[in-house]
Amino acid sequence: MSTDRIEKEVLLRASLERVWRAISDSEEFGRWFGVRFDGPFVAGQSVNGVMTPTEVDEEVAAAQQPYAGEADKWHIVAVEPPHRLAYRWHPYAVDPGTDYSAEPTTLVEFTLTEKPDGVLLRIVESGFDAIPAERRVSAFEANSEGWAAQTELVRKYLALGEPV
């Protein structure tokens, strides 16, 4: 098992265009992920995200509540319609008293592949081996659990239909 990368997959029963919009539109992404961004996802630019409870699962939203209001900067690396979104961030940067800006970031990549029965979403987060040793294990474990939950949240979000 790799300690440097997390890989998760989910088959989504929606069109490629619909799944792409759910992951590449910062407002839609925030609804299922549980974050409010101050701008769109544009390659080469950074956006600030503030944790908010997800809109698609009350139980998960309640679990996210303690982190609501915490901010993080995401640097958008790639927006390649309709197959790939990638960004860098500080993994599991949840301690408001810690300055994570000098730490290395991990790379998160969302890739979409059309399948006969839907769209395969693959999420890969890599670069954990560069995270400071005192945070590496907790960041890896928390994000591994988090990505498992996020694959379910995006599935639920898409099952709700088009956003209002």
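Cut-offs used in this document
- Residues numbered from 1 in each chain as written.
- Predicted model: local features only at pLDDT ≥ 70, side-chain atom pairs only at ≥ 80, totals over all residues.
- Heavy atoms only, no water.
- UniProt positions renumbered as here; feature names shortened; annotations may be inferred.
- Salt bridge = Lys/Arg side-chain N within 4 Å of Asp/Glu carboxyl O.
- Helix = DSSP H or I, 4+ residues; strand = E, 2+ residues; numbered from the N terminus.
- Buried < 20%, exposed > 50% of the residue type's maximum accessible area, 1.4 Å probe, protein only.
- Core = buried A, V, L, I, M, F, W, Y, C linked by side-chain atoms within 4.5 Å.
- Contact = heavy atoms within 4.5 Å.
- Phe/Tyr/Trp six-rings, centres within 6.5 Å; stacked < 30°, edge-to-face > 60°.
- Pairing = 2+ DSSP bridges.
- Axes fitted to C-alpha atoms, helices over the stretch in contact; angles between N-to-C directions.

Per UniProt, the comment on the protein under Sequence similarities (unreviewed entry) is "Belongs to the AHA1 family."

Asks: Run through the pattern of salt bridges, naming residues and quoting values.
Replies: Inspection of the entire model under this criterion finds eleven salt bridges. Ionic pairing is found between aspartate 117 and arginine 13, a salt bridge with its closest N-O pair at 3.7 Å. In this pair, aspartate 117 is assigned in the loop between β6 (106-115) and β7 (118-126) and arginine 13 in the loop between β1 (5-12) and α1 (16-24), connecting sequence segments 104 residues apart. A relative accessible area of 43% places aspartate 117 in the partly exposed class. Using a relative accessible area of 64% as the deciding quantity, one classes arginine 13 as exposed.

Asks: So what's going on with the nonpolar core? Which residues, and what values?
Replies: Formed by 36 residues in total, the largest nonpolar core has its most connected members in Phe29, Trp32, Tyr87, Phe110 and Trp147. Among the elements that make up this core, the one with the highest residue count is helix α4 (residues 133-159) (seven residues). The contact partners of tyrosine 87, leaving out residues within four places of it in the chain, are Phe29, Trp74, His75, Ile76, Val77, Thr106, Leu107, Val108, Phe110 and Trp147.

Asks: Can you break down the packing of aromatic side chains residue by residue, with the values?
Replies: Applying the stated criterion across every chain yields a total of 20 aromatic pairs. Measuring from ring centre to ring centre gives 5.0 Å for phenylalanine 37 and phenylalanine 41, while their planes differ by 75°; the resulting arrangement is edge-to-face. Here phenylalanine 37 and tryptophan 74 contribute two aromatic rings whose centre-to-centre distance is 4.8 Å and whose plane-to-plane angle is 75°, an arrangement assigned as edge-to-face. On the criterion of sequence distance, the pair formed by phenylalanine 37 in strand β2 (residues 35-37) and tryptophan 74 in strand β4 (residues 71-80) is long-range, its members being 37 residues apart. In textbook terms, an aromatic cluster arises when at least three aromatic residues are bridged by ring pairs, as seen for Phe29, Trp32, Phe33, Phe37, Phe41, Trp74, Tyr87, Trp89, Phe110 and Trp147.

Asks: Can you explain α1? Please cite residues and give values.
Replies: Of all the nine residues making up α1, seven are buried; the element is thus mostly covered by neighbouring parts of the structure. Turning to α1, its buried residues are Leu16, Arg18, Val19, Trp20, Ala22, Ile23 and Ser24.

Asks: Which residues make up the sheet that holds β1, and what values do they have?
Replies: Pairing in this open sheet of seven strands is antiparallel, and the strands run β1-β7-β6-β5-β4-β3-β2 from one edge to the other. In this open sheet, the two edge strands, each paired with only one partner strand, are β1 and β2. Strand after strand, the sheet turns through a mean of 25° between neighbouring axes, direction not considered. Two elements, strand β3 (residues 46-51) and β4, share five bridges in a ladder whose sense is antiparallel. Opposite valine 47, over in β4, you have tryptophan 74 as the bridge partner. Packed on one face of the sheet, helix α2 (residues 26-33) meets β2, β4, β5 (84-89) and β6 and runs near 165° to β2. Of the strands in this sheet, β1, β5, β6 and β7 touch α4, which is tilted by about 15° from β1.

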